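Coordinates in review
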Amino acid sequence: MAATVAGASPAAAAAGTLPYDEVETVARGVLLGQFTLTASHGTVTGYVLTADLADPRVRVGLLTPGSVAAREEVSGLADAAGAVGAVNGDFFNISEEHAGVTPTGSSDGPEIAAGRALKAAVPDSQRFGPAMAPGDTTKDVIGVGADRRARLDSLTLEGSLRTRDGSLPLTGYNQYALPEGGIGAYTSDWGAVSRQRAVCGSDTSRAAACSTDTYEVAVRRGRVVSVADAPGAGAIARGTTVLVGRDAGADSLSALHVGDRAAVSEHLAASGTRVPFAFAVGGFPVLRGGAPLAGLDTKTAATRTAAGFGDHGRTLYLLALDGNAESDAGLTVAEVADVMRRAGADDAVNLDGGGSTTLVTRSPGQPASQVRNHPSGVAERPVANAVGVFSTGR
């Protein structure tokens, strides 16, 4: 390690083998390290924000713009929540192949904030982002449990619509794309953006045409309060659930009429952990048990963001690269896994990169967050969510 700024913890900074040029203390239990290394495509400069989750004054949470279908700059998200550091999170619906359909800004994967599920994962065929390793899905998340330990897991939607004629499974929850034949539930957490995107694409192609066989039903206090032939737009009242069906799902919903009894239930089921998540965000795994996953891309270099953990989930690592195309070559996904391992992580996920890659910190005395890396765009890109680090020991 070439240099350590006064106040940094040498033991924490040296947990891995990544050669930092300098390390500084952002807040109690939170360090920022800067590194420069030579990768397959040239010189790379990056930053690792390290959070000591064993310190009771340190916590991590999901930062959102207030709606699932909305975007905000990372610095704005961090400042609004009072975070001392943050990086951008999951890939999201940034552009749209379907004429006349508004991009929702909603993320690919599940979201849990403050212990509450905000959304489920879109179908794998409809995700944005680079190719995942074999076996990865949009349901994969990194998060921190109620036990304050970070972990990887997969979150699957389990939900149903119960009517007088029986029960129908839910295949979507506040997500920008539904599987063919599916029914999705949308709540006030979704926001005001049109729900039209939910019926576009297919189980094999994100760009496939939008379905014309659609139906929408609004349920409040156990009763159907409105029906429509197409997905609508506008804010959803708190306490109301809007059900959107496509294809066979639309046909099932069309049997409902205003005044009919209907009950909606949903939750995100974790495949591995028995500990509830305090926060979780989507990202595809690249490192498990200290070993990179098979099949990671070794050719395409880009500006990257990643998150990982070590020390049995007690230490969280957030990575962001510089994005100056003239001086920073970027990393392949396989190289991201290696850098996270060298930083000290045993498990890690790749997050949204390119123009989204942003790392901010706010040191004691600063009125607002400062962007620490150099994003590849001319300014911060508004993103769907971010991972925020908090410390009360400033």
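**Describing the environment of A343**
With respect to the helices and strands, the residue A343 is situated in helix α4 (residues 333-343). Residues A343 and G377, 34 residues apart in the sequence, show an inter-C-alpha distance of 26 Å. Once residues within four sequence positions are removed from consideration, A343 is found in contact with G16, L18, Y20 and Y317.

**Considering the pairing of strand β18 (residues 284-288)**
Counting buried positions along β18 yields four of five residues, so the element is predominantly enclosed. Both β18 and strand β22 (residues 347-351) contribute to a ladder of three bridges, which runs antiparallel. If you follow L287 over to β22, its bridge partner there is A348. Where β18 lies against strand β19 (residues 291-292), two bridges are found, and the strand directions are antiparallel. Of the residues in β19, the one forming a bridge with L287 is P292.

**Describing the pattern of salt bridges**
A side chain of one charge can pair with a side chain of the opposite charge if their charged atoms are brought near each other. Counting across every chain of the model gives eleven salt bridges. Across the pair E97 and R206 runs a salt bridge, and its minimum N-O distance is 2.7 Å. Separated by 109 residues along the polypeptide, E97 in the loop between β5 (85-88) and β6 (111-113) and R206 in the loop between β12 (183-186) and β13 (214-220) bring together distant segments of the chain. Note that D338 is salt-bridged to R341, the shortest N-O span being 2.6 Å. Of this pair, D338 and R341 both sit in helix α4, separated by three residues, roughly a single helical turn. On the basis of relative accessibility, which here comes to 31%, the residue D338 falls in the partly exposed class. Residues joined in a network through salt bridges with shared partners are R28, D55 and R57.

How each quantity is defined
- Residues numbered from 1 in each chain as written.
- Predicted model: local features only at pLDDT ≥ 70, side-chain atom pairs only at ≥ 80, totals over all residues.
- Heavy atoms only, no water.
- Helix = DSSP H or I, 4+ residues; strand = E, 2+ residues; numbered from the N terminus.
- Contact = heavy atoms within 4.5 Å.
- Buried < 20%, exposed > 50% of the residue type's maximum accessible area, 1.4 Å probe, protein only.
- Pairing = 2+ DSSP bridges.
- Salt bridge = Lys/Arg side-chain N within 4 Å of Asp/Glu carboxyl O.

Just distances and angles here, no functional claims.
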